[in-house]
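Residues per chain, in single letters:
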Amino acid sequence: MKELVTFQVGSYANFIGSHFWNFQDELLGLGEDTEADLVFKNQNLDMDVLYRTGETQQGVPTYTPRLISVDFQGSLGSMSTRGTLYNQNSTLSSGVATWTGSVSTQASEPHKKNLFLQRLYDEGREIVTNGNQSDNVNGKLQTEILDTDVVKSLEDDVQYWTDYSKVHYHPQSLFELNGLWMNAQEFNNYGIGRTTLSEGQQGDEINERLRFFIEECDHIQGIQFMVDDSGGFSGVAASLLENIADEYTNVPVLLYSARSTNSYVNSTTRKKSLSNKLHDAVSFSALSSLCKLIVPIGLPSLTESRASQFLSLQNEKLYHSSAVFASAIHSITLPFRMKKAGPAGESSNEFGAVDLYESIQMLAGQARQNSVTVLDASMPAPSITGRRFQQSLLENLQPLTPETSEDVEDSQAIESMIVHGALGTGNHEASVSEVREAVETEYTNTSTKPRFSHVSASRCPLPIPLPFPSIFGNRVGRRGERLSGPTSESSSSTKGSLDVHSIPMAARLRSTTAVLPFLETRLGNIRKFGIERGAVGSDLLRSWGFGREEIEEIGENLEKMVLTLNPYQADSSDSD
């Protein structure tokens with residue numbers, strides 16, 4: 001077995017991660033459910049890649065994510081930093097009285113559980129009944145907490161990523177940065193996050209938690225790292241990544257650099273606009289230099305993108321947009337935990353298993369040595385046969401990476417695609433051989449064929465657990481099939497987990513020149529506002545702790561990434 005350790009750093013990264021782990025939890029539950037579809041019981045996935053076994057001090061067996069989550073103090077809502085399985089009644093008193101003066105205690109009201117968490121809590125304990133009386137939960141009888149009530153509660157009341165998490169976490173997993181009483185609007189640039197872990201012992205404690213998870217691995221295949229890079233957490237992540245690079249030199253890191261649609265709100269002042277542009281350049285340069293492969297994620301508007309053709313979501317809700325990105329991340333990481341076929345050959349449930357190292361070598365280790373990839377997704381993916389809507393699978397893959405060019409002809413492109421839970425003729429499950437044949441045919445017929453493409457497939461679709469938001473449009477059926485029109489029985493304009501039980505997904509990572517606009521924007525900004533003589537942002541960068549040489553190094557790093565994809569850029573730069 002080759003294990004993965006997962007990092008989630010920052011608020012939006014944890015919103016994405018909460019959905020990601022809900023998918024894994026749902027797969028585990030469906031695999032044990034005798035009444036579940038056989039495709040979930042024979043999913044052929046090794047969940048030990050992501051999870052660890054253990055037990056509480058009482059000897060109760062546990063199965064928890066191999067995860068470290070870092071966020072603001074107070075970001076866990078009603079959840080304890082020790083999770084839910086290992087909670088113990090701790091006392092603040094050592095039993096030794098040395099203070100004889102008066103004592104005052106200040107305590108904030110605990111965050112109340114929403115209906116979803118209330119019911120989840122009750123399902124985990126024995127319901128004690130006495131005659132006709134049931135347990136009363138915050139004035140609402142347990143029997144009255146219906147699915148429809150839970151869905152409405154989630155749509156209306158989600159404030160924290162823990163509000164819709166149905167996963168049990170290990171005590172080493174949840175870390176709150178003490179002392180950061182500021183909000184996201186104040187913790188908004190790389191500079192302020194850069195020094196956060198250098199003060200005090202918090203960085204050492206997080207690194208010790210990483211050591212705890214890594215040292216119990218047999219053969220770690222790598223670290224998947226999600227970071228909210230819209231503000232100070234990118235600086236926090238850089239400090240953690242520096243430690244990983246020093247301590248675990250041979251452990252590859254796949255980094256998802258994510259930001260919410262809310263972070264794209266136009267700046268109200270010139271100073272704020274300048275700060276944002278420099279932050280984007282500095283953050284991306286720093287993070288990309290500390291990992292083997294970086295995947296920028298997050299569009300200015302999901303609702304206006306072609307990626308949400310069959311979705312109906314609200315940009316401003318982190319609960320909504322993070323579900324889309326989590327679905328894509330779940331998909332592209334499936335090959336990392338597929339069980340590889342034995343001597344008998346290809347499995348009837350999946351093919352194309354690769355580990356994280358092999359995937360990175362494929363995308364970043366060939367020819368151009370490009371470490372920046374574009375993430376595309378199709379949610380839900382179209383039927384692979386019948387061509388009911390006269391659209392190919394490749395045409396339906398839309399970028400979730402911002403500032404990418406469309407219809408780029410790149411003969412040196414390298415792609416890695418996963419299709420899982422695909423539907424075929426009559427909306428019946430397609431076999432993996434049918435998927436493989438359909439994809440190979442499309443690649444053969446496309447006018448922009450990549451230099452190399454790797455395809456993975458699995459019969460296991462994306463399960464839609466109850467806490468998943470109601471973001472599907474009326475043209476999505478119960479099994480994620482694309483419908484020609486709204487279903488007559490649906491009175492709502494959106495559908496969620498009560499109407500859609502699973503969906504077919506396709507996702508792709510591309511090493512391509514399509515990402516050049518993203519890189520060129522950041523290179524142009526650091527040159528104009530940070531490096532050129534009289535640059536207006538030089539004082540701001542110095543206040544963030546950057547000297548002249550460091551700023552020039554940032555520019556050189558970004559220029560190198562641009563030249564890797566476009567060698568002719570050097571000629572145009574020399575002639576300017």
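Every value quoted in this text rests on a predicted model; they were computed, and no experiment measured them. (Residues numbered from 1 in each chain as written. Predicted model: local features only at pLDDT ≥ 70, side-chain atom pairs only at ≥ 80, totals over all residues. Heavy atoms only, no water.)

Draft legend 1. Structural detail: the overall build of the chain. Scanning the chain from N- to C-terminus turns up 16 helices and 18 strands. Counting every position in the chain, which comprises 576 residues, the buried fraction comes to 55%. Partitioning the intrachain contacts of the chain with sequence separation of at least 6 by distance along the chain shows that 80% fall at a separation of at least 24. Carbon and sulfur atoms make up 45% of the accessible area of the chain, which amounts to about 26,500 Å² in all. (Helix = DSSP H or I, 4+ residues; strand = E, 2+ residues; numbered from the N terminus. Buried < 20%, exposed > 50% of the residue type's maximum accessible area, 1.4 Å probe, protein only. Contact = heavy atoms within 4.5 Å. Areas by Shrake-Rupley, 256 points an atom, 1.4 Å probe, with all protein chains shown as cover.)

Draft legend 2. Expanded view of helix H9 (residues 318-337). In this model, H9 (20 residues) spans 28 Å end to end at C-alpha, consistent with the 28 Å of a helix rising 1.5 Å per residue. At Ser331, H9 shows its maximal kink, close to 25 degrees; a proline, Pro335, follows between one and four residues later. Most of H9 is tucked away, with 19 of its 20 residues classed as buried. (Expected span 1.5 Å × (residues − 1). Bend = angle between axes of the 7 residues up to and from the residue.)

Draft legend 3. Molecular detail of the sheet that holds strand S15 (residues 452-458). Taken in spatial order, the six strands line up as S11-S15-S14-S18-S12-S13 in an open sheet, and their pairing is mixed. Every other strand in the sheet has two partners, leaving strand S11 (350-351) and strand S13 (398-399) as the edge strands with one partner each. As defined by bridge partners, strand S14 (residues 414-420) adjoins S15 across seven bridges and the pair is classed as parallel. Paired with Val419 across the two strands is Ala457, which belongs to S15. The strands that H9 touches are strand S12 (374-378), S14, S15 and strand S18 (505-511); relative to S18, the one it contacts most, it runs at about 75 degrees. (Pairing = 2+ DSSP bridges. Axes fitted to C-alpha atoms, helices over the stretch in contact; angles between N-to-C directions.)

Draft legend 4. Expanded view of the pairing of strand S3 (residues 61-65). As defined by bridge partners, strand S2 (residues 51-55) adjoins S3 across five bridges and the pair is classed as antiparallel. Bridge pairing in S3 places Gly54 opposite Thr62. The turn joining S2 and S3, which pair antiparallel and follow one another in sequence, is formed by five residues; a positive phi near 85 degrees is taken by Gly59.

Draft legend 5. Looking closely at the pattern of salt bridges. Applying the stated criterion across every chain yields a total of 24 salt bridges. When the shortest N-O distance is used, the salt bridge between Arg211 and Glu247 registers 3.9 Å. Taken as a pair, Arg211 in helix H6 (residues 202-215) and Glu247 in helix H7 (residues 233-247) lie far apart in primary sequence, 36 residues in all. What makes Arg211 partly exposed here is its relative accessible area of 22%. Arg459 serves as the salt-bridge partner of Glu429, at 2.4 Å between the closest nitrogen and oxygen. Placement of the pair is Glu429 in the loop between S14 and helix H12 (432-445) and Arg459 in the loop between S15 and strand S16 (462-463), with a sequence separation of 30 residues. Arg459 sits in the partly exposed class, given a relative accessible area of 25%. Salt bridges here are not isolated pairs; linked through shared partners, they connect Asp376, Glu415, Arg508 and Arg510. (Salt bridge = Lys/Arg side-chain N within 4 Å of Asp/Glu carboxyl O.)

Draft legend 6. Summary view of unusual backbone geometry. A cis amide bond, omega -10 degrees, links Met379 with the succeeding residue Pro380. Within the element layout of this structure, Pro380 appears in the loop between S12 and helix H11 (393-396). For Asp407, which is not glycine, the phi dihedral falls at a positive 55 degrees. As for its position among the elements, Asp407 is in the loop between S13 and S14. With relative accessibility at 76%, the residue Asp407 sits in the exposed group.

Draft legend 7. Structural detail: the packing of helix H8 (residues 270-288) against helix H13 (residues 516-531). Direction vectors running N to C along H8 and H13 enclose 120 degrees, while the axes themselves pass 9 Å from each other. H8 and H13 meet at a crossing whose hand is left-handed. Judged by residue contacts, Leu274, Lys277, Leu278, Asp280, Ala281, Val282 and Phe284 of H8 engage Phe518, Leu519, Arg522, Asn525, Ile526, Phe529 and Gly530 from H13. Of the residues belonging to the contact of H8 with H13, the class tally is nine nonpolar, two polar and three charged. (Left-handed = near helix turned anticlockwise from the far one by under 90°. Nonpolar A, V, L, I, M, F, W, Y, C, P; charged D, E, K, R; others polar.)

Draft legend 8. Local environment of the environment of Gly232. Relative to the assigned elements, Gly232 resides in the loop between strand S8 (222-228) and H7. Of the residues examined, Gly232 reaches a relative accessible area of 1% and is grouped as buried. When the C-alpha positions of Gly232 and Gly10 are compared, they lie 8.5 Å apart, and in sequence the two are 222 residues distant. In this structure Gly232 touches Phe187, Asn188, Asn189, Ile192 and Gly193, once residues within four positions along its chain are discounted.

Draft legend 9. The confidence of the model for the chain, seen in detail. Taken over all residues, the pLDDT of the chain has a mean of 87, while the share at 70 or more is 86%. Low confidence marks residues 89-96, where pLDDT is under 50. Its contacts with residues over four positions away, or in another chain, come to zero contacts. The low-confidence segment residues 126-135 (pLDDT under 50) makes nine contacts with residues lying over four places distant or belonging to another chain. (pLDDT = per-residue confidence, 0-100.)

Draft legend 10. Structural context of the nonpolar core. Counting residues in each nonpolar core, the largest one holds 84 residues, and the members touching the most others are Met379, Leu400 and Phe472. Element by element, the count of residues in this core is highest for H9, at 10 residues. In this structure, Val227, Val236, Cys291 and Val562 belong to the second largest nonpolar core, which totals 58 residues. (Core = buried A, V, L, I, M, F, W, Y, C linked by side-chain atoms within 4.5 Å.)

Draft legend 11. Main features of the side chain of Ser470. Turning to its location among the elements, Ser470 is positioned in the loop between S16 and strand S17 (502-503). Residue classification places Ser470 among the buried residues on the basis of a relative accessible area of 13%. Apart from residues no more than four positions distant in its own chain, Ser470 is found in contact with Val151, Glu155, Ser312, Thr494, Lys495 and Gly496.

Draft legend 12. Fine view of the pairing of S12. For S12, a buried count of five out of five residues is recorded, marking the element as mostly surrounded by other parts of the structure. Burial along S12 is two-sided: the residues Val374, Asp376 and Ser378 and Leu375 and Ala377 are all buried. Alignment of S12 against S18, held across five bridges, turns out to be antiparallel. In the strand pairing of S18, Asp376 is matched with Arg508. Direction of pairing for S12 relative to S13: antiparallel, over a ladder of two bridges.

Draft legend 13. Seen up close, the packing of aromatic side chains. One pass over the structure, following the stated rule, counts 16 aromatic pairs. Each ring, one from Trp161 and one from Tyr169, has its centre 6.0 Å from the other, and the planes form 85 degrees; the classification is edge-to-face. With relative accessibility at 1%, the residue Trp161 sits in the buried group. Judged by its relative accessible area of 1%, Tyr169 falls in the buried class. (Phe/Tyr/Trp six-rings, centres within 6.5 Å; stacked < 30°, edge-to-face > 60°.)

Draft legend 14. How the structure looks around the sheet that holds S8. Overall, parallel pairing links the six strands, which are arranged S7-S4-S1-S8-S9-S10 in an open sheet. Only two strands of the sheet have a single neighbouring strand rather than two, namely strand S7 (174-177) and strand S10 (293-297). Between one strand and the next, the sheet's axes are offset by a mean angle of 15 degrees, whatever the strand orientation. As paired strands, S8 and strand S9 (residues 253-258) are joined by six bridges and run parallel to one another. Residue Gln224 lies in a different strand from S9, and its bridge partner there is Leu254. Strand contacts of H6: strand S1 (4-9), strand S4 (67-72), S7 and S8, with the helix running at about 170 degrees to S7, the strand carrying the most contacts. Sheet strands in contact with H9 are S1, S8, S9 and S10, and its direction is about 170 degrees off that of S9.

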